[in-house]
Each structure stands twice: as structure tokens, then as C-alpha cells.
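Structural characterization, general
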Number of protein chains: 2
Amino acid sequence: MTIDSRWIDEAFFQAEKSWSEGGIPIGAVLVNCVGEIVSCGHNERVQSGDPTAHAEVVCFRNAGRRRDWKELTIVSTLSPCIMCTGTTLLFGLKRVIVGENKNFLGAEALMCSNGVHVTVLQDERCIELMQRFLVEKQDLWSEDIGQ
Amino acid sequence: MTIDSRWIDEAFFQAEKSWSEGGIPIGAVLVNCVGEIVSCGHNERVQSGDPTAHAEVVCFRNAGRRRDWKELTIVSTLSPCIMCTGTTLLFGLKRVIVGENKNFLGAEALMCSNGVHVTVLQDERCIELMQRFLVEKQDLWSEDIGQ
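Residues numbered from 1 in each chain as written. Chains lettered and ligands numbered in written order. Predicted model: local features only at pLDDT ≥ 70, side-chain atom pairs only at ≥ 80, totals over all residues. Heavy atoms only, no water.

**Some points on the nonpolar core**
Counting residues in hydrophobic clusters, the biggest one holds 91 residues, and the most contacted among them are A:Leu30, A:Trp141, B:Leu30 and B:Trp141. Those residues in contact with B:Leu30 that lie beyond four places of it in its chain are B:Glu36, B:Ile37, B:Val38, B:Ser39, B:Cys59, B:Phe60, B:Ala63, B:Trp69, B:Leu72, B:Thr73, B:Ile74 and B:Leu93. (Core = buried A, V, L, I, M, F, W, Y, C linked by side-chain atoms within 4.5 Å. Buried < 20%, exposed > 50% of the residue type's maximum accessible area, 1.4 Å probe, protein only. Contact = heavy atoms within 4.5 Å.)

**A few points about the relation of the copies chain A and chain B**
Mapping chain A onto chain B calls for a rotation angle of 180° and an axial translation of 0.0 Å; the resulting RMSD is 0.0 Å. Such a combination of turn and shift is consistent with a two-fold rotation axis. Distance from the rotation axis, computed per C-alpha, reaches its smallest value in chain A at A:Gly86: 2.5 Å. Both copies contact each other with a shared surface, as 100% of the interface residues of chain A are interface residues in chain B too. (Least-squares fit on C-alpha atoms with pLDDT ≥ 70 in both.)

**Regarding the confidence of the model for chain A**
Averaged over chain A, the pLDDT score is 97; the fraction of residues at 70 or greater is 100%. Interface predicted TM-score (ipTM) for the complex: 0.97; the corresponding pTM is 0.98. (pLDDT = per-residue confidence, 0-100.)

**Regarding the pairing of strand 1 (residues 27-31) of chain A**
All names here are of chain A. Across the 5 residues that make up strand 1, a large majority, 5, are buried. Residues of strand 1 alternate between two faces, with Gly-27, Val-29 and Val-31 on one and Ala-28 and Leu-30 on the opposite face, all of them buried. Bridge analysis of strand 1 against strand 2 (residues 37-42) gives 5 bridges, and the strand direction is antiparallel. Paired with Val-29 across the bridge in strand 2 is Cys-40. Here strand 1 folds back onto strand 2 in antiparallel fashion, the turn holding 5 residues, of which Gly-35 has a positive phi close to 90°. (Helix = DSSP H or I, 4+ residues; strand = E, 2+ residues; numbered from the N terminus. Pairing = 2+ DSSP bridges.)

**Overview of the pattern of salt bridges**
Taken as a whole and judged by the stated rule, the model has 26 salt bridges over all chains. Across the pair B:Glu143 and A:Arg67 runs a salt bridge, and its minimum N-O distance is 3.9 Å. Note that B:Glu143 is positioned in helix 7 (residues 138-144) and A:Arg67 in the loop between helix 3 (55-63) and strand 3 (73-76), a pairing that runs across two chains. Three or more residues joined by partner-sharing salt bridges are found here, namely A:Arg45, A:Asp139, A:Glu143, A:Asp144, B:Arg65 and B:Arg67. (Salt bridge = Lys/Arg side-chain N within 4 Å of Asp/Glu carboxyl O.)

**A closer look at the environment of A:Pro51**
Along the chain, A:Pro51 falls in the loop between helix 2 (45-48) and helix 3. It is 8.7 Å that separates the C-alpha atoms of A:Pro51 and A:Glu143, two residues lying 92 residues apart in sequence.

**With respect to the sheet that holds strand 4 (residues 95-98) of chain B**
All names here are of chain B. Reading across from one edge, 2-1-3-4-5 is the order of the 5 strands in this open sheet, with mixed pairing throughout. The outermost strands of the open sheet, each flanked by one partner alone, are strand 2 (37-42) and strand 5 (117-120). Each strand of the sheet is rotated relative to its neighbour by a mean of 15°, with strand direction disregarded. (Axes fitted to C-alpha atoms, helices over the stretch in contact; angles between N-to-C directions.)

**Quick word on the packing of helix 1 (residues 5-20) of chain B against helix 6 (residues 124-136) of chain B**
Residue and element names in this part refer to chain B. Running from N to C, helix 1 and helix 6 point in directions that differ by 20°, and their axes come no closer than 10 Å. Relative to helix 6, the element helix 1 is oriented roughly parallel. The interaxial crossing formed by helix 1 with helix 6 has left-handed handedness. Only Arg-125, Cys-126, Leu-129, Arg-132, Phe-133 and Glu-136 of helix 6 make contact with helix 1, whose side of the interface consists of Ile-8, Asp-9, Phe-12, Ala-15, Glu-16 and Trp-19. Of the residues contributing to the contact of helix 1 with helix 6, the split by class is 7 nonpolar, no polar and 5 charged. (Parallel < 35°, antiparallel > 145°, perpendicular 65-115°, else oblique. Left-handed = near helix turned anticlockwise from the far one by under 90°. Nonpolar A, V, L, I, M, F, W, Y, C, P; charged D, E, K, R; others polar.)

**Focus on unusual backbone geometry**
Not every positive phi belongs to a glycine, and A:Gln122 is a case in point at roughly 45°. Judged by its relative accessible area of 28%, A:Gln122 is partly exposed.

**Some remarks on helix 3 of chain A**
Summarising burial for helix 3 of chain A: 8 of the 9 residues are buried, a large majority. Positioned one or two residues after helix 3 of chain A, A:Gly64 has a phi angle of 70°, which is positive.

**Overview of the side chain of A:Thr85**
Residues and elements named next belong to chain A. With respect to the secondary-structure elements, Thr-85 resides in helix 4 (residues 82-90). In this structure the side chain of Thr-85 is engaged in a polar contact, spanning 3.3 Å, whose partner is the backbone oxygen of Pro-80. Those residues in contact with Thr-85 that sit more than four places away from it in its chain are Pro-80, Ala-107, Leu-110 and Met-111. (Polar contact = N/O pair within 3.5 Å; in protein donor to acceptor, adjacent residues only side chain to side chain.)

**With respect to the state of the cysteines**
Residues and elements named next belong to chain B. Taken as a whole and judged by the stated rule, the model has 0 disulfides over all chains. Residue Cys-40 stays outside any disulfide, its sulfur separated by 6.4 Å from that of Cys-59, the closest cysteine. Counting only cysteine sulfurs, Cys-81 is the nearest neighbor of Cys-112, a cysteine outside any disulfide, at a range of 16 Å. (Disulfide = S-S within 2.5 Å.)

**Looking at the interface of chain A and chain B**
Taken together, the contact pairs 32 residues of chain A with 32 residues of chain B. Buried surface at the junction of chain A and chain B, both sides included, amounts to about 2700 Å², of which 59% is carbon and sulfur. If you sort the residues of chain A by the area they bury against chain B, A:Arg65, A:Arg67 and A:Leu90 come out on top, with a joint share of 27%. Run the count over chain A and chain B and you get 8 salt bridges. Here chain A and chain B share 12 residue pairs in polar contact (both at pLDDT 80 or more) between them. Element by element, the count of residues in the side of chain A that touches chain B is highest for helix 4 of chain A, at 6 residues. Residues belonging to the side of chain A that touches chain B are distributed by class as follows: 14 nonpolar, 9 polar and 9 charged. (Buried area = accessible area lost by both parts, 1.4 Å probe.)

This is the structure:
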């Protein structure tokens, strides 16, 4: 299945939504085997006070109880951290699409070594929004990645 | 800091609570540097429909936004899966106490290779309750670990 630009568009929309709410600007979507978006989400640390509410985790949460995880693709505006990577591996996804990894490189190597196919888009919108966040709210970012 | 048996007692109480609610019988607590339990939780997949609600994740969630993660110890009735391991690594915890790993061996090796100190208690209560769950609700367990 070729990459549909609407997936990263929606993930980026989620990131912008979070940013406009004063939150961390990272968004994600889960896509099924025919290319439909089955769930979306953004980082909710600021909005809900939940330290595990990274965009990808929120996306898995919003997808609910299902048994077709292995057919799904996760699309995130930023390279997934070790928690989100672990979640992806737990559910056995085979494919991950990353908006950018210039501002943060997560655990892509662990995904690859477990047979997950990772594609990095280096999407300019994702890079710029994350860069702005890192300049304006460095401390919030440090908190989000456990530093 | 030596291990206080009240930590696994409370984690087991959480597991029993979930089991009595028809849920998955896995519980966890987070302990601070002076041995006080700062949060607790149990698997909530059945209760809330959230596929990411493993006991350890719920525990991190319930601990809220804080900056002392590296001083905390997570105590779980069962060996943490790759998602819960990733969460533990993200927040930089240095110590994990596992009730048992006979019924399920999670990603302990990944924790150890990242410098986390893992202690396995092989607590008989934890082993028996998990065994009973595996016999009575095998399919629910498969769902919980993404199979």
C-alpha cells in the first residue's frame, strides 16, 4: 500500500490542534489495511496531566479493543520514543511512518531490529512546528521525554 | 533500600481487585525513594476498553506529572511487557520489582541491558492468580498481549 499524504496531513492537524491548546505539538493516526484512518490523537500531557499520553499511545487508546493490530500502520509527526515503540511492538504492527526525526530520534533502531518497516518523511511542516516548540517550551519537552 | 513486602502486597491487592471486577488480574505500584507508595493501578482493558491500560501504564498515569521518576521503583505482579518496559525506560527508572515471570516473561532483558536493576520475587500468590486467569480466560490474555 503506497503512502497517502492525507495520513500525515491528519497527524499534523492533530499536532497543530494540540499546539493551539497550549499542548505538545505531536500528532498521530492509525491507518487500516485499506488506507482508512481508524483513530487519531495528539499528545495530551498538558491537556489531561497524563504523562503516558504521547500522541501514539492516545491513538492506540482511541482505537479501542480490536484484534487487527498487525494490519495497522501508525503515522506520527515525530520519531516514536521508547514507550511508543514498545506499544507498537506489543501490538505487532509491521509498519510505521514518521513525519520527521531531525528534532528527536526515538527508538527506530529497535523497531527495525524487530522487523518493523519504518519510513521517515522529513515533512517540513512537522520539522518547523517541532522546532518552534523546542525553542519556546524546552522544559515541557524535557518533561515529556523523562528528563 | 531493601524491599518492603507491603509493595507487592498492594500490587497483588490491585490484581485481585481487577479479577473481582471481571478484569485482567495484574496490579502494580510505584514507590518513591523513601519506600512510600505514590501510585497504584491495575489492568483496565476490560473495565475501560483501553488497550494500553496495562497495570504499569495505569500506575504511571496515576502518578501524574512529576520530575522524580528516576528515583521511583515500579513493582508489578507480572513481568512487564515491551510496552510497560518502554514506559519504564522512557521515564528513566533504575529499579523494577517483578512478582513473577513464570507465566509470562516480558522484556526484562531489555531493561537489564539498559542498566535497570530487576528483581523477580516468584511470589506464590501472583503465580497462582495469573495461572487461574490463563486457564479460565486464555483469549482475553492473548488480546492483552497483542496476539
